[in-house]
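As a plain string of letters, each chain reads:
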Amino acid sequence: PAFASVVCIGAISGYTFYLVGAACESVGANSFKDLWGTTLGEGTAWVVDGAIVLMCFLSTLIYSTIIGDLFASLLSSAFPAAAPAAGRFLRSGVLLALTATVLTPLCLVKDLSRLAFTSSVGTGAVLATATVVITRALDGSYAPGSGSALLASLPDDLA
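Note that the structure is predicted; figures quoted are calculated from it, not measured. (Residues numbered from 1 in each chain as written. Predicted model: local features only at pLDDT ≥ 70, side-chain atom pairs only at ≥ 80, totals over all residues. Heavy atoms only, no water.)

**Focus on the overall build of the chain**
Stated precisely, the cut-off is as follows: The secondary structure listing takes helices from DSSP runs of H or I that are at least 4 residues long and strands from runs of E that are at least 2 residues long, numbered from the N terminus. Accessibility here uses a 1.4 Å probe with only protein chains present; expressed as a share of the type maximum, an area under 20% marks a residue as buried, one over 50% as exposed, and anything in between as partly exposed. What makes two residues a contact is simply this: any of their non-hydrogen atoms within 4.5 Å.
What the chain contains, in helices and strands, is seven helices and zero strands. Written out in order from the N terminus, the α and β elements of the chain read α-α-α-α-α-α-α. The proportion of buried residues among the 159 residues of the chain is 10%. Within the chain, contacts between residues separated by at least 24 positions form 13% of all contacts whose residues are at least 6 apart in sequence.

**Here's the deal with the side chain of S141**
For clarity, the threshold we go by: Whenever a nitrogen or oxygen atom comes within 3.5 Å of another N or O atom, the pair is scored as a polar contact, on the condition that within protein one atom can donate a hydrogen and the other can accept it, and that pairs from neighbouring residues in sequence are kept only if both atoms are in side chains.
When you line up the elements, S141 lands in the loop between α6 (116-138) and α7 (149-152). Within polar-contact distance, the side chain of S141 engages the side chain of D139 at 2.6 Å. If we skip the residues at most four places from it in the chain, S141 touches R136, S146, S148 and L151.

**Things to note about helix α5 (residues 89-108)**
Spacing of three or four residues puts side chains on the same side of an α-helix, whose turn is 3.6 residues. This is how it is decided: One less than the residue count of a helix, multiplied by 1.5 Å, gives the span that helix is expected to have.
Helix length check: α5, at 20 residues, gives a terminal C-alpha distance of 27 Å against a target of 28 Å (1.5 Å per residue), a fit within 8%. For α5, the full list of buried residues reads L90, V94, L95 and L98.

**Here we look at the layout of surface pockets**
What counts is decided by this rule: Cavity and pocket criteria rest on a 1 Å grid covering protein atoms alone: a 1.4 Å probe that fits but cannot get out defines a cavity, protein on both sides within 12 Å along at least 5 of 7 lines defines an open pocket, and an atom within 4 Å of a point defines a lining residue. Grid points are joined across faces, edges and corners, and a volume is the space filled by probe spheres set on the points. In this classification, Asp, Glu, Lys and Arg are treated as charged, Ala, Val, Leu, Ile, Met, Phe, Trp, Tyr, Cys and Pro as nonpolar, and every other residue, Gly included, as polar.
Roughly 190 Å³ of internal volume is contained in the largest pocket. Among the residues making up the lining of the largest pocket, the classes are represented as four nonpolar, four polar and no charged.

**Notes on a nonpolar patch on the surface**
Just so we agree on the cut-off: Note on patches: the residues involved have over 30% relative accessible area and no salt bridge, like charges join within 9 Å, and the nonpolar side chains Val, Leu, Ile, Met, Phe, Trp and Tyr join within 5 Å. Shrake-Rupley sampling with a 1.4 Å probe provides the accessible areas, and residues are treated as covered by the protein chains on show and by no other component. Here a salt bridge means any side-chain nitrogen of Lys or Arg lying within 4 Å of a carboxyl oxygen belonging to Asp or Glu.
A grouping of L54, F57, L58, L61, I62, Y63 and I66 is seen on the molecular surface, where their side chains present a nonpolar patch of about 730 Å² in accessible area. If you trace the backbone, I66 turns up in helix α3 (residues 46-78). Residue I66 is classed as partly exposed on the basis of its relative accessible area of 49%.

**Concerning the confidence of the model for the chain**
In plain terms, the rule: pLDDT is a residue-level measure of predictor confidence that goes from 0 to 100.
Averaged over all residues, the pLDDT of the chain is 87; the fraction at 70 or higher stands at 96%. When mean pLDDT is taken per element in the chain, helix α1 (residues 2-27) scores highest with 95 and helix α4 (residues 83-86) scores lowest with 68.

**Observations regarding the packing of α1 against helix α2 (residues 32-40)**
Defined as follows: Here an axis means a line fitted to C-alpha atoms, over the contact stretch when the element is a helix, while the angle between two N-to-C directions is reported on a 0 to 180 degree scale. By definition in this entry, angles of less than 35 degrees are roughly parallel, angles greater than 145 are roughly antiparallel, angles of 65 to 115 are roughly perpendicular, and the rest are oblique. Two helices crossing with the near one rotated counterclockwise from the far one by less than a right angle form a left-handed crossing, whereas a clockwise rotation gives a right-handed crossing.
It is at 10 Å that the axes of α1 and α2 come closest, and there the two elements cross at 60°. Comparing the axis directions of α1 and α2 gives the class oblique. Where α1 crosses over α2, the handedness of that crossing is left-handed. Between α1, through V20, A23, C24 and V27, and α2, the contact on the second element is made entirely by F32, L35, T38 and T39. For the contact of α1 with α2, the residue count by class is six nonpolar, two polar and no charged.

**Some words on the packing of α3 against α5**
The contact between α3 and α5 brings their axes to 8 Å, and the two run at 115°. Handedness of the crossing formed by α3 with α5: right-handed. The segment α3 lies against α5, with S64, T65, I67, G68, D69, F71, A72, L75 and S76 engaging L90, R91, V94, L95, L98 and L103.

Spelled out as structure tokens, the structure:
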């Protein structure tokens with residue numbers, strides 16, 4: 001069901017992009033904002049910019065939450081003695097440090113072509129992970145009773 005959902009959503013998304021492109025071509029617009037202004041009126045074209053700003057803000061908030069939780073957990077695992085002392089401030093401190101030293105400088109870079117290599121490496125890592133997961137799912141490694149060390153390590157209520 002999950003794979004079918006992803007394929008379905010991907011098809012809907014692709015078709016929607018096609019429709020936007022076809023509509024832009026039919027009215028001679030070069031951007032979605034131009035298309036909106038031409039078809040719905042220039043007075044409400046700000047809605048497109050507002051939606052983009054809102055999407056970027058919410059995406060940044062979501063990714064920051066994930067980054068803060070992940071790195072706080074990693075630091076708690078790496079330094080278990082310091083974790084109780086840091087308490088609930090660890091996540092905020094980690095997020096603040098990563099934002100100041102990594103995220104903000106990346107946001108201020110004008111030319112992102114230097115990141116092409118790391119983007120390729122990240123894409124390769126995602127593809128390798130997907131390959132392993134698909135292979136293990138098809139060979140029965142994740143099946144209950146398969147003798148998998150991963151499944152054997154799960155608590156009884158999760159297995």
